[in-house]
Amino acid sequence: MKFEFEEFETIEDVLIYLVSVAPYMKQVLPISSYKEHVFSMVPITPLSGDVLLMIYTKGKLERGMYEFDISTKKHKLVTAMERADKNYFIVITPQRDTLADAALNELNKQQ
């Protein structure tokens with residue numbers, strides 16, 4: 001497995017990036033909060049899955065669903081999807097994530 005990385009300054013920047021590359025009409029996207037990083041892994045080589053792009057920033061989000069308004073660049077924890085004009089992220093906080101561990105180890109080696 002090979003990893004490529006794209007680092008952002010803020011969680012909001014990561015959310016903007018993910019909204020912009022999401023398939024049209026995809027309103028709910030998963031994102032991980034693990035070991036002081038908020039990230040998403042996107043396959044660069046969709047057929048083989050050998051290369052993953054880790055889009056990340058340092059930070060932490062609580063587990064749950066977040067509503068994100070791209071026009072104001074604000075996110076908030078919500079209990080339900082209420083608006084079609086907003087994007088939603090489901091934040092997962094795994095106890096253990098071997099793929100993320102491998103990516104973070106690679107990232108630490110590069111820095």
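As a reminder, the structure under discussion sits directly above these lines.
Residues numbered from 1 in each chain as written. Predicted model: local features only at pLDDT ≥ 70, side-chain atom pairs only at ≥ 80, totals over all residues. Heavy atoms only, no water.

**A look at the side chain of Glu67**
Turning to its location among the elements, Glu67 is positioned in strand S5 (residues 64-69). The class of Glu67 is buried, set by a relative accessible area of 8%. (Helix = DSSP H or I, 4+ residues; strand = E, 2+ residues; numbered from the N terminus. Buried < 20%, exposed > 50% of the residue type's maximum accessible area, 1.4 Å probe, protein only.)

**Topic: the nonpolar core**
One finds Leu18, Ile31, Ile55 and Phe89 to be the most contacted residues of the largest nonpolar core, which totals 18 residues. For this core, the secondary structure elements donating two or more residues are helix H1 (11-21), strand S2 (28-34), strand S4 (51-58), S5 and strand S7 (87-92). In terms of residue count, H1 provides more of this core than any other element does, 6 residues in total. Once residues within four sequence positions are removed from consideration, Phe89 is found in contact with Leu15, Leu18, Val19, Leu29, Ile31, Gly64, Met65, Tyr66 and Phe68. Counting 11 residues, the second-largest nonpolar core is a separate cluster that includes Phe3, Phe5, Met54 and Ala103. (Core = buried A, V, L, I, M, F, W, Y, C linked by side-chain atoms within 4.5 Å. Contact = heavy atoms within 4.5 Å.)

**Section: the pairing of strand S3 (residues 37-43)**
Across 3 bridges, the pairing between S2 and S3 is antiparallel. Bridging across to S3, Ser33 finds its partner in Val38. Following S2, the chain reverses through 2 residues before pairing antiparallel with S3; Lys35 in that reversal takes a positive phi of roughly 50 degrees. In terms of strand pairing, S3 meets S4 through 7 bridges, oriented antiparallel. Among the inter-strand pairings, His37 is bridged to a residue of S4, identified as Lys58. (Pairing = 2+ DSSP bridges.)

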